[in-house]
Amino acid sequence: MFALYKKELASFFSSLIGYLTICVFLVLTGLMLWVFRTGFNILDYGYAGLDGLFFIAPFLYLFLIPAITMRMFAEEKRTGTIELLLTKPLGDWTIIFAKFLAGLTLVFISLLPTLVYYFSVFALGDPVGNIDTGSVIGSYIGLLFLGAAFVSIGLFATSLTSNQIVAFITAALLCAVSLMGFEALYGMGFLGKVGLFVKALGIQHHYDSISRGVIDTRDVLYFLSVIALFLMGTRLVLQSRKWKD
C-alpha cells in the first residue's frame, strides 16, 4: 500500500494539481484574512482569533478537494490502467486507502502553512498570547476530519465515471449537500421534532461542535462513519466492474 500511496502523492506534485491546490487555498485565505476588508479580516476584527479561517476553509475545500480527487479513479478508467491496477495482488481496500491517504496528506500539507496565521495572531494579541488555543486546536482537528470526509466523497465520485469534470461536479455537489444541505432543511423550520435529528446528519453541525475546542466522541464517530460509508461505496463501485466481467 505504501508504494501506491507514494505513487499517488508523487502524481499530485509531478503536475500542477498539488501545488495549485495548496497555493489557491493559501492565497485566498490569506487575502480574506489579512488584506480584503471583509468581516473575516483579522486586523479589523478587534478580537484575537482565527474564526474567519475556520469559516472560510470548508467552503474553499468544497471545490479544492474535488479538484484533488477527480482524477484518482476517473483518469485510471479513461486510460485503461484501472484494469491493470485491479489485477495486481492488491486488495480493493488497499487501493482505496492508498488513494484516500494521499488525498488526506495533501489536505494536511495545505493546512500546515496556516499555522503562520496562528502565531501571527498570538503575537499581535493584547496581551501577547491572548488567543483561545484550545478552540484553535479543536478547529484544526475539525477541519482535518471535514477534509477527510470530503476526500472520501471525492473518491466515491471519481469511481463512478471516467470523466474528470463529471467527477469534480459530482463530488462538489455531494460535499455541498453534506455540509450545508441538512442545515438548510433544518433552517426552513417545517421539520418539527425531527429537525434537530436532520441537522445532526450534516457535517456543519459536527464541525461546529468540534471547533468549540471540545472533542466529543459522537462527533468523531460521525466523521468516521461518513468516511467509512463513502469508502465502502467506492469499493462497491469497484466490485461492480468485476461483476460485469
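Peer 1: Can you help me understand the overall build of the chain in this one?
Peer 2: The helix and strand tally for the chain stands at 13 helices and zero strands. Its helices and strands taken in sequence order, the chain reads α-α-α-α-α-α-α-α-α-α-α-α-α from the N to the C terminus. The globule rule puts the C-alpha radius of gyration for 245 residues at 18 Å, and the 19 Å found for the chain is close to it. Going through the 245 residues of the chain one by one, you find that 47% of them count as buried. Within the chain, counting contacts between residues at least 6 apart in sequence, those at least 24 apart form 74% of the total. Roughly 12200 Å² of accessible area belongs to the chain as shown, and the carbon and sulfur atoms make up 71% of that amount.

Peer 1: Could you clarify how one ought to interpret a nonpolar patch on the surface in this entry?
Peer 2: The grouping of M1, W93, F97, L101 and M232 at the surface amounts to a nonpolar patch, some 440 Å² of accessible area in total. Turning to its location among the elements, L101 is positioned in helix α7 (residues 92–111).

Peer 1: Explanation requested: the environment of A176 in the structure shown.
Peer 2: Within the secondary structure, A176 sits in helix α10 (residues 164–188). As a C-alpha pair, A176 and F59 span 117 residues in sequence and 8.4 Å in three-dimensional space. With sequence-adjacent residues up to four places away left out, A176 is seen in contact with L62 and G181.

Peer 1: Can you walk me through the pattern of salt bridges in this structure?
Peer 2: Taken as a whole and judged by the stated rule, the model has five salt bridges. K99 serves as the salt-bridge partner of E8, at 2.5 Å between the closest nitrogen and oxygen. Within this pair, whereas E8 is found in helix α1 (residues 2–13), its partner K99 is found in helix α7, the two being separated by 91 residues in sequence. Salt-bridge contacts for K99 lead to E76; the nearest nitrogen and oxygen are separated by 3.0 Å. Taken as a pair, K99 in helix α7 and E76 in helix α5 (residues 74–79) lie far apart in primary sequence, 23 residues in all.

Peer 1: Would you mind showing me how to read the nonpolar core here?
Peer 2: Membership of the largest hydrophobic core comes to 62 residues, with the highest contact counts inside it found for L50, Y61, L146, F150 and F223. No other element matches the twelve residues that helix α9 (residues 133–159) contributes to this core. In contact with Y61, not counting residues within four places along its chain, are F25, P66, V107, S110, L111, L143, L146 and F150.

Peer 1: Explanation requested: the environment of F25 in the structure shown.
Peer 2: Looking at where F25 falls in the secondary structure, it is placed in helix α2 (residues 16–35). Residue F25 is classed as buried on the basis of its relative accessible area of 1%. Linking F25 and Y61, residues 36 residues apart in sequence, is a C-alpha distance of 8.1 Å. Sequence-distant contacts of F25, that is, excluding residues within four places in its chain, are made with A57, L60, Y61, L64, S110, L111 and T114.

Peer 1: Sorry if this is basic, but what is going on with the packing of α7 against α9 here?
Peer 2: Packing of α7 against α9 brings their axes to within 9 Å, and their N-to-C directions diverge by 140 degrees. What the angle tells us is that α7 and α9 run oblique. Our pair here, α7 against α9, has a crossing hand that is right-handed. Here I96, K99, F100, G103, L104, V107, F108 and L111 of α7 lie close against α9, whose contacting residues are Y140, L143, L144, G147, A148, V151, S152 and L155. Broken down by class, the residue content of the contact of α7 with α9 amounts to twelve nonpolar, three polar and one charged.

Peer 1: What's the story with the packing of aromatic side chains in this structure? I'm lost.
Peer 2: Here a ring pair, both rings aromatic, is described through the centre-centre distance and the interplanar angle of the planes. The full count for this structure, using the stated rule, is twelve aromatic pairs. Their ring planes at 85 degrees and their centres at 5.0 Å tell us that F54 and Y140 sit as a pair that is edge-to-face. Taken together, the residues F54 in helix α4 (residues 51–69) and Y140 in helix α9 connect sequence positions 86 residues apart. Y140 carries the same exposure label as F54, and that label is buried. Seen in terms of ring centroids, Y118 and F119 are 5.3 Å apart; in terms of plane orientation they differ by 70 degrees. Their pairing is edge-to-face. Since its relative accessible area comes to 53%, F119 is described here as exposed. Following the ring pairs from residue to residue traces out a cluster consisting of F40, F55 and F59. For K99, the ring lying beneath its charged end belongs to F73, and the centroid distance is 5.0 Å.

Cut-offs used in this document
- Residues numbered from 1 in each chain as written.
- Predicted model: local features only at pLDDT ≥ 70, side-chain atom pairs only at ≥ 80, totals over all residues.
- Heavy atoms only, no water.
- Helix = DSSP H or I, 4+ residues; strand = E, 2+ residues; numbered from the N terminus.
- Rg over C-alpha atoms; globule rule 2.2 N^0.38 Å.
- Buried < 20%, exposed > 50% of the residue type's maximum accessible area, 1.4 Å probe, protein only.
- Contact = heavy atoms within 4.5 Å.
- Areas by Shrake-Rupley, 256 points an atom, 1.4 Å probe, with all protein chains shown as cover.
- Patch = residues over 30% accessible without salt bridge, like charges linked within 9 Å, V, L, I, M, F, W, Y side chains within 5 Å.
- Salt bridge = Lys/Arg side-chain N within 4 Å of Asp/Glu carboxyl O.
- Core = buried A, V, L, I, M, F, W, Y, C linked by side-chain atoms within 4.5 Å.
- Axes fitted to C-alpha atoms, helices over the stretch in contact; angles between N-to-C directions.
- Parallel < 35°, antiparallel > 145°, perpendicular 65-115°, else oblique.
- Left-handed = near helix turned anticlockwise from the far one by under 90°.
- Nonpolar A, V, L, I, M, F, W, Y, C, P; charged D, E, K, R; others polar.
- Phe/Tyr/Trp six-rings, centres within 6.5 Å; stacked < 30°, edge-to-face > 60°.
- Lys NZ or Arg CZ within 6 Å of the ring centre and 35° of its normal.

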